[in-house]
Amino acid sequence: MDRDKKWGITLLVLVGVCLAGIAGLTAVVDPFFHYHKPLECLSYPLNNERYQNDGIVKHFDYDAVITGTSMTLNFKASELDELFGVHSVKVAFPGAMYKEINDNLEKAVAANPDIRLVVRGLDKLWLLEDADKTGYDKDSYPYYLYDDVLYNDVYYVLNKDVLCSHVKGVLGFTCSGQKSTDFDTYGNWMHAFSFGKDAVDAVYHRADRTDEIQEVTEADFEMLRENLSQNVTDLAKAHPEIDFYLFLTPYSIYYWDNLNQTGTLKKQLAIEEEAIRLLVEQENIYLFAFSDLFEMICDLDYYKDEIHYSEEINTQILKWMSRKEHLLTKENYREYCSRIYEFYTTYDYDALFMPEE
């Protein structure tokens, strides 16, 4: 019995030592930057936004942030840095609603008092959504990386996938002589897709036309106000020292066709105008919009589907921002809204789908 007991204790000790070694290795390498910024002796692949963005904003050195959904993944941080004289990180969340992006920004501001510029895309698709709605599967979300509870870090430091894929990935990246992923290429999907009318037509399913025109209601306006207040303007009001450069995402003409087909075009235009009115009231918010650049919106060579545009537009957006071009103000936003209302409510959408002669 004594020998069996000693063998059992020895086995437990060995298992404990192995687990401690695995946990220690994961914590030291820290591929998700949960505990510290990247070690200078290692090269880190950036390839998983929802697992790495939280650590990036908490531990990296920066004074500017690029954020948003997949509409912002093709931004190049180096271009922002050159145009604005900043040192930025890009932390985009594909498919995110406003809340998830704002939550990350709040953590960034709390962790880094040096932030002076935020560039953020506001997807028009999510203007009219519940303020607390998120764009992720709550059952699979890595909450253990986002909270301050230590005991649930076991899901990180003793995670087989983290060890075999991500820790191993960092070590493999380093041993192969590769450099850490920069914030120009982090998440950039530009070269994974085709662009142009054929590409858009291949994935666009035109809805049947309805004669029922949806009207905007006071409940809609109240939802919009709550969403913008909680997830956009409250943070700007709390931090007047930060400039928030926001832009409404410039979707293609096919997006507007879908609104027209489904009877929601005038409702969306009304929602956008109210959103703009609310946003331009905040002094440290600089709001840009590009839906009146009709030639660009109608040029499908810039698009891979009805909403996703190429990095050429991302680059141009930064240039426009740096020159304060297409900036909406309390004085000019109504004129902008009138231009886009006139264009999109009278456009010949059926012509987009006519066979070429």
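To be clear, the structure that these remarks concern was listed above.
Residues numbered from 1 in each chain as written. Predicted model: local features only at pLDDT ≥ 70, side-chain atom pairs only at ≥ 80, totals over all residues. Heavy atoms only, no water.

Caption draft 1: Quick look at the pairing of strand β1 (residues 64–68). Along β1, five of the five residues are buried, which leaves the element largely enclosed by surrounding structure. One ladder, built from five bridges, connects β1 with strand β2 (residues 88–92); its direction is parallel. Pairing of G68 across the sheet is with A92, part of β2. One crossover worth recording links β1 to the parallel β2 by way of helix α3 (residues 77–84), and it is right-handed. For β1 and strand β3 (residues 117–122), the ladder comprises four bridges, and the chain directions are parallel. By the bridge assignment for β3, T67 is matched with R120. (Buried < 20%, exposed > 50% of the residue type's maximum accessible area, 1.4 Å probe, protein only. Helix = DSSP H or I, 4+ residues; strand = E, 2+ residues; numbered from the N terminus. Pairing = 2+ DSSP bridges. Right-handed = clockwise from strand over helix to strand, strands pointing away.)

Caption draft 2: Local environment of a nonpolar patch on the surface. The grouping of L19, V154, Y155 and L158 at the surface amounts to a nonpolar patch, some 350 Å² of accessible area in total. Its location among the elements puts V154 in helix α5 (residues 154–157). What makes V154 partly exposed here is its relative accessible area of 35%. (Patch = residues over 30% accessible without salt bridge, like charges linked within 9 Å, V, L, I, M, F, W, Y side chains within 5 Å. Areas by Shrake-Rupley, 256 points an atom, 1.4 Å probe, with all protein chains shown as cover. Salt bridge = Lys/Arg side-chain N within 4 Å of Asp/Glu carboxyl O.)

Caption draft 3: Up close: the side chain of N314. In this fold, N314 is placed in helix α12 (residues 311–322). Exposure remark for N314: the relative accessible area of 0% places this residue in the buried category. Not counting chain neighbours up to four residues away, the residues in contact with N314 comprise M71, T72, N74, F75 and Y309. (Contact = heavy atoms within 4.5 Å.)

Caption draft 4: Spatial organisation of the packing of aromatic side chains. Counted by the stated rule, this structure contains 29 aromatic pairs. Between F60 and F183 the ring centres are 5.9 Å apart and the planes differ by 70°, which places this aromatic pair in the edge-to-face class. On the criterion of sequence distance, the pair formed by F60 in the loop between α2 (49–59) and β1 and F183 in the loop between α6 (160–175) and α7 (197–203) is long-range, its members being 123 residues apart. What makes F183 buried here is its relative accessible area of 12%. Consider the rings of W256 and Y344, whose centres lie 3.9 Å apart with planes at 10°: the pair is stacked. Within this pair, whereas W256 is found in helix α9 (residues 253–262), its partner Y344 is found in helix α13 (residues 333–346), the two being separated by 88 residues in sequence. The pair W256 / Y344 is uniform in exposure class, with both members buried. Through successive ring pairs, a cluster of aromatic residues spans Y251, Y255, W256, F294, F343, Y344, Y347 and Y349. In this structure, K304 packs its charged tip against the face of F193, placed 4.0 Å from the ring centre. Over the ring of Y286 we find K324; its NZ or CZ atom is 5.1 Å from the centre of that ring. (Phe/Tyr/Trp six-rings, centres within 6.5 Å; stacked < 30°, edge-to-face > 60°. Lys NZ or Arg CZ within 6 Å of the ring centre and 35° of its normal.)

Caption draft 5: Highlighting the sheet that holds β1. Ordered in space as β2-β1-β3-β4-β5-β6, the six strands form an open sheet in which the pairing is mixed. With partners counted over all chains shown, the strands left at the sheet margins are β2 and β6 (327–328), one partner each. The sheet contact formed by β3 and strand β4 (residues 243–248) spans six bridges and is parallel. For L122, the partnering residue across the bridge sits in β4 and is L248. Sheet strands touched by helix α10 (residues 265–279): β3, β4, β5 (285–289) and β6. Its angle to β5, the strand with the most contacts, is close to 150°. (Axes fitted to C-alpha atoms, helices over the stretch in contact; angles between N-to-C directions.)

Caption draft 6: Spotlight on α3. Within α3, the full set of buried residues consists of A77, L80 and D81. Mapping the buried residues of α3 onto a view down its axis gives an arc of 100°, with all of them on the same face. If you follow the buried residues of α3, they end up packed against β1, β2, β3 and α12. In the stretch just after α3, G85 is the one whose phi turns positive, near 65°. (Arc of directions from axis to C-beta.)

Caption draft 7: Region of the structure containing unusual backbone geometry. Not every positive phi belongs to a glycine, and F33 is a case in point at roughly 60°. Looking at the element boundaries, F33 is found in the loop between α1 (2–29) and α2. You will see that H326, though not glycine, has its phi angle at about 65°, which is positive. Tracing the chain through its elements places H326 in the loop between α12 and β6.

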